[in-house]
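# Secondary and tertiary structure notes
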Amino acid sequence: MIISIKVRLRPNKKQLTKLFLYAGCSRFAYNWAIARERENYEQGNKFLSNNDLRKEFTQLKKREDYEWLNCVSNNVPKQAIKDACNAYKRFFKGQSKHPKFKSKRHSKLSFYQDNVAIQFTDTHVKIEGFAVSRKRNKQRLNWIKLCEKGRIPPNAKYTNPRFTYDGLHWYVSVGIEIPDSTTIPSNEGIGIDVGIKDLVVCSDGYTYKNINKTHKVRKIEKRQRRLQRSVSRRYEKNKKGERYCKTRNLIKRQKELLKVTRRLTNLRRNHLHQTTSDIIKRKPSFICIEDLNVRGMMKNRHLSKAVQQQGLYELRRQLQYKAEWNHIPVIIADRFFPSSKLCSCCGHVKTDLKLSDRIYKCTCGNTIDRDVQSSLNLKTYGESVLHQSVA
């Protein structure tokens, strides 16, 4: 089993310049490969392979006007050309749209490192080609400090090392192979109801709150709204004709807004990881979750913002891959299964149940919270599906 680990970097000014240079070279090689493929197609020739483009790029680096490409590790442009060819192959198979050029302003800065040349210690990562000199004090430029100590194990087998920039910080992500889990859970299964009032309501009595309703998140959202209005006012103030003039104060305020937005994203993502990990740690024999029509829910202008902030797709994705690591089957209930309208005691379906009715009252005397009842019905649904598969 291969897991991906992402750690933030803490480079100095010289290393920061090199990181941007490597990312710029990767973007240039990617755009050059796409331009060559388009030119070749217009001439009526066949698709250029990855090896042919690499040979052409090697000859390109020998020209005087492209000598700056020799300051970057050879593996960076080679992998960028390979990525461009893979993008075209996915387009030919109908898996993606036609590849586009990467914009200097709007594209995400990233580049690849050779998985053999990259090295890790508990506190640093070594990047190939930052320092050409063999002197010891010059070689220190190759080692960039990590923000988390001991997160990535040294002397391991790494796959697909990538360096990315999110507008504020640089990160390194790498895949590491770990042994598969051999234990098979045998505890009672869990039915999971997801929603807006509470993020997750489990059939075993556990309830996970909606973090977007907490005072901490609402305070940060208020700060975000104020910064957005401030940035908008500064843009209108500095407007010159049809163009906008960016001042230093405007750039500074945009960075503050980016930090606040990043903070909100990290809080929500961390809450989803903590929720899914806590469910998996209880080691249920199965997990049953409903298949919600999120696209249809987003059309409701009263609920669209709350649905978007919850991250229901991300919750389901995390549950599925974490359950697969621990050999826990995940059952997706049918979209039209009446999990909330079905009485968990007598089986009566209450067709006139509204979204505002938070307490379910049945004619048989059953009075229960609608989310708790939904989780119980999903648990029963999962048990019936497993019973049919065994039979």
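For the structure itself, look to the data block above.
Notes on the structure in this doc start here. These figures come from a predicted structure and were not determined experimentally. (Residues numbered from 1 in each chain as written. Predicted model: local features only at pLDDT ≥ 70, side-chain atom pairs only at ≥ 80, totals over all residues. Heavy atoms only, no water.)

### Section: the pattern of salt bridges
For side chains bearing opposite charge, pairing can occur when the charged atoms are close. Under the defined criterion, the tally for this structure stands at 16 salt bridges. Of the charged contacts, one joins Arg 253 and Glu 256 as a salt bridge, the two residues approaching to 3.6 Å between their closest N and O atoms. Separated by 3 residues within a single helix, Arg 253 and Glu 256 lie in helix H6 (residues 248-281), roughly one turn from each other. Notably, a salt bridge pairs Asp 371 with Arg 358, separated by 3.1 Å at the nearest N-O pair. With Asp 371 in helix H10 (residues 370-390) and Arg 358 in the loop between strand E14 (330-333) and strand E15 (359-361), this pair connects stretches of sequence that are 13 residues apart. A relative accessible area of 9% means that Asp 371 is categorised as buried. Overall, Arg 358 belongs to the partly exposed group, its relative accessible area being 25%. Three or more residues are tied together by salt bridges with common partners; here these are Arg 36, Glu 39 and Glu 56. (Salt bridge = Lys/Arg side-chain N within 4 Å of Asp/Glu carboxyl O. Helix = DSSP H or I, 4+ residues; strand = E, 2+ residues; numbered from the N terminus. Buried < 20%, exposed > 50% of the residue type's maximum accessible area, 1.4 Å probe, protein only.)

### Digging into the environment of Glu 37
Considering the arrangement of structural elements, one finds Glu 37 in helix H1 (residues 13-42). We classify Glu 37 as buried; its relative accessible area is 5%. For the pair formed by Glu 37 and Tyr 88, sequence separation is 51 residues and the distance between their alpha carbons is 9.0 Å. For Glu 37, the contacting residues outside a window of four places in its chain are Phe 47, Leu 48, Leu 53, Cys 85 and Tyr 88. (Contact = heavy atoms within 4.5 Å.)

### A few points about the sheet that holds strand E13 (residues 287-290)
If you walk across this open sheet you meet the 5 strands as E10-E9-E8-E13-E14, and the pairing is mixed. On the outer flanks of this sheet lie strand E10 (207-209) and E14, each paired with one strand and no other. Taken pair by pair, the neighbouring strands of this sheet meet at an average axis angle of 20 degrees, ignoring direction. Pairing of E13 with E14, which is carried by 4 bridges, proceeds in the parallel orientation. The residue of E14 that forms the bridge with Glu 290 is Ala 333. (Pairing = 2+ DSSP bridges. Axes fitted to C-alpha atoms, helices over the stretch in contact; angles between N-to-C directions.)

### Here we look at the pairing of strand E5 (residues 143-146)
Relative to E5, strand E1 (residues 2-10) runs antiparallel, the two sharing 2 bridges. Directly across from Arg 10, in E5, lies its bridge partner Lys 145. With 3 bridges connecting them, strand E4 (residues 124-126) and E5 associate as antiparallel partners. What sits directly across from Val 125, in E5, is Ile 144.

### Regarding the packing of aromatic side chains
One pass over the full model with this rule turns up 18 aromatic pairs. A centroid spacing of 5.0 Å and a plane angle of 80 degrees characterise the contact between Tyr 22 and Phe 130, whose relative ring orientation is edge-to-face. Of this pair, Tyr 22 sits in helix H1 while Phe 130 sits in the loop between E4 and helix H4 (136-139); the two residues are 108 residues apart in sequence, bridging distant segments of the chain. The exposure class assigned to Tyr 22 is buried, which follows from its relative accessible area of 0%. (Phe/Tyr/Trp six-rings, centres within 6.5 Å; stacked < 30°, edge-to-face > 60°.)

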